[in-house]
Amino acid sequence: MKINGNTRILGVLGYPVKHTLSPPIHNFLIEKYKLNLIYLPFEVSKNNFEKFIKGISHIDNLSGFNITVPYKVDVIKHLYRISSEAVTINAVNTVKIKKNKMYGFNSDYFGFKRSIELNFPKFKFRGKRVLMLGAGGASKAVALSLLKSSIRELVILNRTYKNAVRLKSELQKGLNDPNITVFRMDFEYLKKSELLPDLIVNTTSVGLKKTDKTLIDLKYLKQRNTIIYDLIYNPSRTKFLKSASSYGLPVLNGLDMLILQALKSFSIWTGISLEEELMRSVNPLRENLKKILKSQGV
Ligand code: ATR
C-alpha cells in the first residue's frame, strides 16, 4: 500500500474502536484490488461526536465510512439521504460521501441474509418459522432481513418484555402486516411451543463472557434440523453453539455476517460488483480473521 496525495480515505467511526476487525478486512480488499485507498479507525467520544460528524463530509478525499456502536442511530440526522432498509431498521452502518453529501445505508441487513444463503444453500426463507433471541441494536437488521424474505413467523424472546414490544411495533411500521409474536425470555420456551422453529438466532450479547449461560434449552430440538445461529464471533463457539453442536444441530457464528456486511459496504464505496468479484474474497478473509482472532487469544 502506497500512500500519496491522491489516496482516498475510508474508515470506521465508533467508540471504542480499538478491537474492530473492519480495518484488516477493508485493507485486505484494498490491497487485493490495488486501489489507492486506506481504511482507518476513527475513535470519537460522545462529547465530540456532533462536532466531528458535522465536519467530516468536508474532507474532499474521504470516500465514506462505517459507523459502529454507539452512533448507528445518532448519525442519521446528519445524512443527506438514507436507504429504505436503513429507514426501517433506523440504523446506518455505512456512509458514502459524494460531492460533500452523506448517503446512509445498512449493510448488516444484507450480511445476515447472505451469510445464511452462503452456509446453508438449501435453506429457503419462505414459509419458515424463526425464533430470535433479543431485541437490542443487532436485532432489527436481522428481523427485517427475515421478514422481507417471506418467513411465515417471527417469534421474539427478550429479557425485557417491553423492549420486544417496542421492536415489534417498529418493525410493523415498515412492513405489511408481518407475523410477529413476542414473549419474555424463557429457558424452557421450546418445551412449551407446539411448532418448533427452523432457525434460531441469538442477537443478544449473552455469550460474549465466559460466565454467560445459554438463554434457552435446545434439548427439545433433538429430532430437528433447526439451524442455530449466534451473531457472536468472539468467542467463535459460544456455549449456545456448543450446546447446539452437542445435539447434532447445524450451527453458524457471526464471522461470515461480519465479512459479508463489510463486502457490501466496500461494494457501495468502490462500485465493485459484489457477486462476481467480492464473493471470491470471503474464504481468504475468513482465514485471515480467524488468525487475527486466534492471535488475540480466542
Ligand atoms: P444494544 O445496545 O445493542 O441494545 P445490549 O444493551 O447489550 O445492546 O442488549 C442487546 C440485547 O441483549 C437486548 O435484547 C438485551 O435484552 P434487554 O432488552 O432485556 O436489555 C439482551 N441482553 C443483554 N444482556 C442480557 C442478559 N444478561 N440476559 C438476557 N438478555 C440480555
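Note: the structure precedes this text.
Predicted, not measured: the structure shown is a model, and the values here were computed from it.

With respect to the overall build of the chain
The number of helices and strands found in the chain is 10 helices and 12 strands. The C-alpha radius of gyration computed for the chain amounts to 19 Å, which stays within 12% of the reference 19 Å derived for 298 residues, consistent with globular compactness. Considering only contacts within the chain whose residues lie at least 6 apart along the sequence, 71% involve residues at least 24 apart. For the chain, the computed accessible surface area is about 15000 Å², with 51% contributed by carbon and sulfur atoms. Seen as two clouds, the 48 positive and the 23 negative side-chain charges of the chain have centres 2 Å apart.

Observations regarding helix H1 (residues 22-32)
Turn by turn, an α-helix covers 3.6 residues, leaving residues three or four places apart pointing in a common direction. Along H1, the residues that are buried comprise Ser 22, Pro 23, Ile 25, His 26, Asn 27, Leu 29 and Ile 30. Tucked inside the fold, the buried residues of H1 contact strand S1 (8-14), strand S2 (37-43), strand S3 (62-67), helix H9 (255-270) and helix H10 (282-295). Within two residues after H1, Lys 34 carries a phi angle of roughly 50 degrees, on the positive side.

Brief notes about the packing of aromatic side chains
Tallied over the entire structure, the rule returns eight aromatic pairs. Between Tyr 80 and Tyr 103, the ring centres sit 5.6 Å apart and the planes meet at 80 degrees, which makes this aromatic pair edge-to-face. Taken together, the residues span a long stretch of sequence, with Tyr 80 in the loop between S3 and strand S4 (81-82) and Tyr 103 in strand S6 (residues 101-105) at a distance of 23 residues. Given the relative accessible area of 21%, Tyr 103 is considered partly exposed. Residue placement shows Lys 98 over the ring face of Tyr 103; its charged tip is 5.9 Å from the ring centre. The residue whose ring lies beneath Lys 113 is Phe 125, and the NZ or CZ to ring-centre distance is 5.6 Å.

Regarding the packing of helix H4 (residues 108-119) against helix H5 (residues 139-147)
Look at H4 against H5: their axes get within 8 Å of each other, and the N-to-C directions meet at 60 degrees. Between H4 and H5, the angle falls in the class oblique. Crossing angle aside, the handedness with which H4 passes H5 is right-handed. For the pair H4 and H5, the contacting residues are Asp 108, Tyr 109, Phe 112 and Lys 113 in the first and Ala 141, Val 142, Leu 144, Ser 145 and Leu 146 in the second. Of the residues belonging to the contact of H4 with H5, the class tally is six nonpolar, one polar and two charged.

A closer look at helix H8 (residues 239-246)
Turning to H8, its buried residues are Phe 240, Leu 241, Ser 243 and Ala 244. Take H8 and look down its axis: the buried residues cluster within an arc of 160 degrees, on one side only. As for H8, its buried residues are in contact with strand S7 (129-133), strand S10 (199-202), strand S11 (227-230) and strand S12 (251-252). Among the residues trailing H8, Gly 248 stands out with phi positive, at a value near 75 degrees.

Details of the pairing of strand S8 (residues 153-158)
Counted residue by residue, S8 has six buried out of six residues, so it is predominantly covered. Handedness of the crossover joining S7 and S8 through H5: right-handed. As paired strands, S8 and strand S9 (residues 180-184) are joined by five bridges and run parallel to one another. By the bridge assignment, Asn 158 is partnered in S9 with Arg 184. You can see the chain leave S8, run along helix H6 (residues 161-174) and come back into S9, and the turn it takes is right-handed.

What counts and how
- Residues numbered from 1 in each chain as written.
- Predicted model: local features only at pLDDT ≥ 70, side-chain atom pairs only at ≥ 80, totals over all residues.
- Heavy atoms only, no water.
- Helix = DSSP H or I, 4+ residues; strand = E, 2+ residues; numbered from the N terminus.
- Rg over C-alpha atoms; globule rule 2.2 N^0.38 Å.
- Contact = heavy atoms within 4.5 Å.
- Areas by Shrake-Rupley, 256 points an atom, 1.4 Å probe, with all protein chains shown as cover.
- Lys, Arg positive; Asp, Glu negative; His and termini not counted.
- Charge placed at Lys NZ, Arg CZ, Asp CG, Glu CD.
- Buried < 20%, exposed > 50% of the residue type's maximum accessible area, 1.4 Å probe, protein only.
- Phe/Tyr/Trp six-rings, centres within 6.5 Å; stacked < 30°, edge-to-face > 60°.
- Lys NZ or Arg CZ within 6 Å of the ring centre and 35° of its normal.
- Axes fitted to C-alpha atoms, helices over the stretch in contact; angles between N-to-C directions.
- Parallel < 35°, antiparallel > 145°, perpendicular 65-115°, else oblique.
- Left-handed = near helix turned anticlockwise from the far one by under 90°.
- Nonpolar A, V, L, I, M, F, W, Y, C, P; charged D, E, K, R; others polar.
- Arc of directions from axis to C-beta.
- Right-handed = clockwise from strand over helix to strand, strands pointing away.
- Pairing = 2+ DSSP bridges.

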